[in-house]
Amino acid sequence: MSPKARPLVGPEESLLEKKVRQHLFRLRVRSKALASTGSESEGNFNRECLLPILSLPKPAQNPFSTRARRAQSNSERHYSFRHGFILTANDTLTGVIKLGKKVVVTGVPGVGKTTVINGAMERLAAEGVEYKAVNFGTFMFEVAKKENLVADRDEMRKLAKDVQKRLQQAAASGIAAMSGDANIIIDTHSSVKTPTGFLAGLPEWVLRELMPDIIVLVETDPDQILMRRLGDASRARDMEGSRAIAEHQEFNRAVSAAYAMYTGCTIKIVRNENFLLEQGIDDLVSVLR
Amino acid sequence: MSPKARPLVGPEESLLEKKVRQHLFRLRVRSKALASTGSESEGNFNRECLLPILSLPKPAQNPFSTRARRAQSNSERHYSFRHGFILTANDTLTGVIKLGKKVVVTGVPGVGKTTVINGAMERLAAEGVEYKAVNFGTFMFEVAKKENLVADRDEMRKLAKDVQKRLQQAAASGIAAMSGDANIIIDTHSSVKTPTGFLAGLPEWVLRELMPDIIVLVETDPDQILMRRLGDASRARDMEGSRAIAEHQEFNRAVSAAYAMYTGCTIKIVRNENFLLEQGIDDLVSVLR
Amino acid sequence: MSPKARPLVGPEESLLEKKVRQHLFRLRVRSKALASTGSESEGNFNRECLLPILSLPKPAQNPFSTRARRAQSNSERHYSFRHGFILTANDTLTGVIKLGKKVVVTGVPGVGKTTVINGAMERLAAEGVEYKAVNFGTFMFEVAKKENLVADRDEMRKLAKDVQKRLQQAAASGIAAMSGDANIIIDTHSSVKTPTGFLAGLPEWVLRELMPDIIVLVETDPDQILMRRLGDASRARDMEGSRAIAEHQEFNRAVSAAYAMYTGCTIKIVRNENFLLEQGIDDLVSVLR
């Protein structure tokens, strides 16, 4: 999805578009919130009908959507249906607001996740496909700082579970809202290894808000990861053997399957092998394009 | 569960039975819908009490159910409790309506899923155990055609995600309703391999409606699957190596574990090895019987 | 969490503490129930404010909590936040009620789960850390007996699925309530092998009530498990080969990943190798401490 494709509304609808975007942000782009939004009358929106695509009524029950869809070519119809809103005024289609893709990229420490993300974004930018990259942990820290809960990032780990839960949910909701304007890459972990075991990076309350389109697992051979960690003096990491790394990657796959069940997102495995970085970037680009 | 076991209501209740079946269909056999149906008074049902077994009140709180259950032998009690309804009129048990089993059968392309299903249904029919086989994708296509969304099956893939989601939910609800009359085999995929990754065949909104009793994974050695695919010239399949097939089967197991968590269904692995088809059919029959 | 740490309320608040405990029990310690409990006025609680930590309002919106939290040291703040309640009277912090940890310990038959649990509890007791051990199946049986549904444990298996579901939920809710007073070890299965396939030991309706903090998988080499089962003449077990045991352990990992997604609990793998029992106990103790 290229950014050029998004402004489907004409110049005269730009104010409308802006309003809808603001409205989207207010709604935090949550499907639940949208589901109940059959029509809107607010400010300049009076007499406009905002049809949330997420809960389109059946053709027979709604004259607007049928006509609107007939007015578009087949490809446009499907395209516009993907995510977003059909805008109509007095039974006439005035525009379509699309939502961006939400792609979560995960990988165990040392797998080279950030390198692959940066390579893919660079190549996509050259193609005219824009993505914003968001680090989930950083976004969550910003939320916590705004609430005066923490001063530095180290304090995040010390926060109580229930506070962390609320912050995670707020971060997920905020990131999902960003997709009203752009395609998003969310940099996070499928699972985190803690002293009391594996912790799901995307628990149910995060998934419910975020509803990602794709979750990418960047993987490679555990021995290669071990060597990369040994060579990286800049980060103090708890050392673990390659068997433990293999176990972590296996748990990541298992928990990502649960994410797929709960959200309907796809799970893409991208290999980042030694000497084959370009191949890994290619694979990620093909998913993001 | 044999079909002979089902008509537990006597000849004089056959109209009642029919009505209840229609009622069941209207309710779409959804547990949520049933949960609120403590008693019914509608047409011939006046003064009848339809106790949904899915939400039986505690014995002390409901004189009907206690008495009803006491009136039955122990084995009948448990039997009738499995799925379905106890029918009572003026505090007297008049009958029991059972719901059929819902068994999902899955497997990667080329594993021989359809062969095993057909073999099992043939053998069960000989034993007097009836199953209806439904292909999830075909059922969904029929729903889409009725809504004039598509003309041929190829257009299904091109539908927007949110439309597909609604159609999946409608299909799951319709198939669940069929179990009011019969045992059902649902032929579908545990996960589907798409260009953007593995897609859950039974996402949360499908499971919520379908609530299967058993999910069967038909599996075999990846090399055997590869050879079967190579030998099958009739279907144009994207070729993948045996390592990729192994990965797909592993993802199927992982995602089926999530299905088990969400629905409480059992996950049965049935092997369909070369030269051992009868063994595979035996295993499936033992689960369906 | 040692028991000494728990009575944070002074002697004059002990009646209050008792009341809150009773209140907690009544609420069955369910997060949903707690979420709506902004303030309480009941009996001795009049003019008291019970702030559920699970849904703490933002500092700016609630003068109580800000002040209450400021009154505590940083470490106490985080500590008290973990689980439980802050008690305030007339805008003054009067105490903190903590909830115990809920740790589920699972493992296939023959892995030596009970041995590891007993060893860990003994060592923790010596350290002054108290845990109550509850067997999920036994607790569920007690609930069923109270309802006159069964006379002996053998009848449990014969109960209808929907009755079993209700009993499971009641047991989970009861066990969760126990954590209002103590740390709990819940002895159960990640999945159970049945004739129709693997059954999730902690399905969605159990998880929703129980909301465990940690799920421990006690594992070991399938061959060792096989030998232990062969040597245990006291229990009649269906014999299965080491490949089937490996498959069962793999399914346990997969389904536990789904548990982690749904509840946010951590998944800890503890190995119980031959001749290395002390190591296994050490690992479990480190998680429970």
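Up top you'll find the structure we're talking about.
Residues numbered from 1 in each chain as written. Chains lettered and ligands numbered in written order. Predicted model: local features only at pLDDT ≥ 70, side-chain atom pairs only at ≥ 80, totals over all residues. Heavy atoms only, no water.

Caption draft 1: View of the overall build of chain A. Looking only at helices and strands, one finds 11 helices and 10 strands in chain A. Per-residue burial over chain A gives 56% buried out of 289 residues. Taking the intrachain contacts of chain A between residues at least 6 apart in sequence as the baseline, contacts between residues at least 24 apart amount to 70%. For chain A, the exposed surface amounts to about 12,500 Å²; the carbon and sulfur share of it is 52%. (Helix = DSSP H or I, 4+ residues; strand = E, 2+ residues; numbered from the N terminus. Buried < 20%, exposed > 50% of the residue type's maximum accessible area, 1.4 Å probe, protein only. Contact = heavy atoms within 4.5 Å. Areas by Shrake-Rupley, 256 points an atom, 1.4 Å probe, with all protein chains shown as cover.)

Caption draft 2: Structural detail: helix H10 (residues 242-263) of chain A. Residue and element names in this part refer to chain A. Its 22 residues give H10 an end-to-end C-alpha distance of 31 Å, which sits within 8% of 32 Å, the value for a rise of 1.5 Å per residue. Most of H10 is tucked away: 16 of the 22 residues are buried. Of the residues one or two after H10, Gly264 is the one with positive phi, at around 80°. (Expected span 1.5 Å × (residues − 1).)

Caption draft 3: Expanded view of the state of the cysteines. Enumeration according to the criterion identifies zero disulfides over all chains in this entry. No disulfide involves Cys265 of chain A; its sulfur sits 19 Å from the nearest other cysteine sulfur, which is in Cys265 of chain B. Judged by relative accessible area, which is 0%, Cys265 of chain A ranks as buried. (Disulfide = S-S within 2.5 Å.)

Caption draft 4: Inspection of the packing of aromatic side chains at higher detail. A full pass over the atoms with the stated rule returns three aromatic pairs over all chains. Measuring from centroid to centroid gives 4.7 Å for Phe198 of chain B and Phe251 of chain B, while their planes differ by 20°, and the two rings are stacked. Separated by 53 residues along the polypeptide, Phe198 of chain B in strand S8 (residues 197-200) and Phe251 of chain B in helix H10 (residues 242-263) bring together distant segments of the chain. Like Phe198 of chain B, the residue Phe251 of chain B is buried in the burial classification. Taking the ring centre of Trp205 of chain A as reference, the NZ or CZ of Lys165 of chain A above it sits at 4.2 Å. (Phe/Tyr/Trp six-rings, centres within 6.5 Å; stacked < 30°, edge-to-face > 60°. Lys NZ or Arg CZ within 6 Å of the ring centre and 35° of its normal.)

Caption draft 5: Layout of the side chain of Glu204 of chain A. In this fold, Glu204 of chain A is placed in helix H8 (residues 204-210). For Glu204 of chain A, the side chain forms a polar contact with the side chain of Arg208 of chain A, separated by 2.7 Å. A distance of 2.5 Å separates polar atoms of two side chains, one belonging to Glu204 of chain A and the other to Tyr262 of chain A. Sequence-distant contacts of Glu204 of chain A, that is, excluding residues within four places in its chain, are made with Tyr262 of chain A together with Met261 and Tyr262 of chain C. (Polar contact = N/O pair within 3.5 Å; in protein donor to acceptor, adjacent residues only side chain to side chain.)

Caption draft 6: Structural detail: the relation of the copies chain A and chain B. You can overlay chain A on chain B at an RMSD of 0.0 Å; the transform is a turn of 120° with a shift of 0.0 Å along its axis. This pairing of chains is accounted for by a three-fold axis. Of the interface residues in chain A, just 13% have counterparts in chain B that sit at the interface too, so the contact is made through distinct surfaces. (Least-squares fit on C-alpha atoms with pLDDT ≥ 70 in both.)

Caption draft 7: The arrangement of the packing of helix H9 (residues 222-231) of chain C against helix H10 (residues 242-263) of chain C in detail. All names here are of chain C. Between H9 and H10, the least distance of the axes is 8 Å, while the angle of their chain directions is 115°. The two elements H9 and H10 cross, and the hand of that crossing is right-handed. Between H9, through Pro222, Asp223, Ile225, Leu226 and Arg229, and H10, the contact on the second element is made entirely by Ser242, Ile245, Ala246 and Gln249. Across the contact of H9 with H10, the residue classes tally to five nonpolar, two polar and two charged. (Axes fitted to C-alpha atoms, helices over the stretch in contact; angles between N-to-C directions. Left-handed = near helix turned anticlockwise from the far one by under 90°. Nonpolar A, V, L, I, M, F, W, Y, C, P; charged D, E, K, R; others polar.)

Caption draft 8: Looking closely at the pairing of S8 of chain B. Here strand S10 (residues 266-271) of chain A pairs with S8 of chain B via two bridges, running antiparallel. Pairing of Thr266 of chain A across the sheet is with Leu199 of chain B, part of S8 of chain B. Across four bridges, the pairing between strand S7 (residues 191-194) of chain B and S8 of chain B is antiparallel. For Thr194 of chain B, the partnering residue across the bridge sits in S8 of chain B and is Gly197 of chain B. Between S7 of chain B and S8 of chain B, which follow one another and run antiparallel, lie two residues. (Pairing = 2+ DSSP bridges.)

Caption draft 9: Inspection of the interface of chain A and chain B at higher detail. The interface of chain A with chain B comprises 31 residues on the first partner and 32 residues on the second. Both sides together, the interface formed by chain A and chain B hides about 2,400 Å², and carbon and sulfur atoms give 60% of it. For Glu247 of chain B, the salt bridge is made with Arg253 of chain A, and the minimal N-O distance between the two is 3.1 Å. For the side of chain A that touches chain B, the elements supplying multiple residues, two or more each, are helix H4 (74-81), H10 and S10 of chain A. Broken down by element, the side of chain A that touches chain B gets its largest block of residues, nine residues, from H10 of chain A. For the side of chain A that touches chain B, the residue count by class is 17 nonpolar, six polar and eight charged. (Buried area = accessible area lost by both parts, 1.4 Å probe. Salt bridge = Lys/Arg side-chain N within 4 Å of Asp/Glu carboxyl O.)

Caption draft 10: The pairing of strand S4 (residues 102-106) of chain C, seen in detail. Residues and elements named next belong to chain C. For S4, a buried count of five out of five residues is recorded, marking the element as mostly surrounded by other parts of the structure. Burial along S4 is two-sided: Lys102, Val104 and Thr106 and Val103 and Val105, pointing in opposite directions, are all buried. Relative to strand S6 (residues 183-187), S4 runs parallel, the two being bridged by four bridges. In the strand pairing of S6, Val104 is matched with Ile186.

Caption draft 11: Up close: the sheet that holds S10 of chain A. Taken in spatial order, the seven strands make up an open sheet running S5(A)-S6(A)-S4(A)-S9(A)-S10(A)-S8(B)-S7(B), and their pairing is mixed. At either end of the open sheet lies a strand with only one pairing partner, and these are strand S5 (131-135) of chain A together with S7 of chain B. Averaged over all adjacent pairs, the angle separating strand axes in this sheet is 25°, with direction ignored. Packing against the sheet, helix H5 (residues 113-127) of chain A makes contact with strand S4 (102-106), S5, strand S6 (183-187) and strand S9 (214-219) of chain A, and its axis sits at approximately 165° to S6 of chain A. Running over the sheet, helix H11 (residues 277-288) of chain A touches S4, S5, S6, S9 and S10 of chain A and is turned about 160° from S10 of chain A.

Caption draft 12: Broad picture of a nonpolar patch on the surface. A surface patch of nonpolar side chains, amounting to about 340 Å² of accessible area, comprises Met227, Leu230 and Met239 of chain A. Topologically, Leu230 of chain A is positioned in helix H9 (residues 222-231). (Patch = residues over 30% accessible without salt bridge, like charges linked within 9 Å, V, L, I, M, F, W, Y side chains within 5 Å.)

Caption draft 13: Representation of unusual backbone geometry within the structure. Residues and elements named next belong to chain A. Positioned with a positive phi, Asn148 is a non-glycine residue whose angle comes to about 60°. With respect to the element layout, Asn148 can be found in the loop between helix H6 (136-146) and helix H7 (161-178). The exposure class of Asn148 is exposed, given its relative accessible area of 68%. Unlike most non-glycine residues, Met211 shows phi in positive territory, near 40°. For Met211, the location among the structural elements is in the loop between H8 and S9.

Caption draft 14: Quick peek at the relation of the copies chain B and chain C. Superposition of chain B onto chain C requires a rotation of 120° combined with a translation of 0.0 Å along the rotation axis, giving an RMSD of 0.0 Å. Little of the interface of chain B is mirrored in chain C, where only 13% of its interface residues again form contacts.

Caption draft 15: Region of the structure containing the pattern of salt bridges. Evaluated as defined, the whole model comprises 39 salt bridges over all chains. The closest approach of N and O atoms between Glu127 of chain A and Arg289 of chain A, which form a salt bridge, is 2.9 Å. In this pair, Glu127 of chain A sits in helix H5 while Arg289 of chain A sits in the segment after H11, placing the two residues 162 residues apart along the sequence. Given the relative accessible area of 36%, Glu127 of chain A is considered partly exposed. Several salt bridges share partner residues, and in doing so they unite Glu219, Arg253, Arg271 and Glu273 of chain A together with Glu247 of chain B into one network.

Caption draft 16: The arrangement of the interface of chain B and chain C in detail. Contacts between chain B and chain C engage 31 residues on the former and 32 residues on the latter. Between chain B and chain C, the buried area comes to about 2,300 Å², and carbon and sulfur atoms account for 59% of it. If you look at where chain B meets chain C, you find one salt bridge. Summed over the shared surface of chain B and chain C, the number is five residue pairs in polar contact (both at pLDDT 80 or more). Of all elements in the fold, only helix H4 (74-81), H10 and strand S10 (266-271) of chain B reach the threshold of two or more residues within the side of chain B that touches chain C. A per-element tally of the side of chain B that touches chain C places H10 of chain B first, with nine residues. By residue class, the composition of the side of chain B that touches chain C is 17 nonpolar, six polar and eight charged.

Caption draft 17: Structural context of empty space enclosed by the protein. All names here are of chain A. As enumerated under the stated definition, the model contains eight cavities of 30 Å³ or more in all. There is about 50 Å³ of room inside the second largest cavity. For the second largest cavity, the full set of lining residues is Thr106, Gly107, Val108, Leu217, Val218, Glu219, Gln249 and Asn252. Of all the elements in the fold, those that place two or more residues in the lining of the second largest cavity are S9 and H10. When residues of the lining of the second largest cavity are assigned to their parent elements, the largest contribution, three residues, is made by S9. (1 Å grid on protein atoms, 1.4 Å probe; cavity = no way out; pocket = protein on both sides within 12 Å on 5 of 7 lines; lining within 4 Å. Points joined across faces, edges and corners; volume = space filled by probe spheres on them.)

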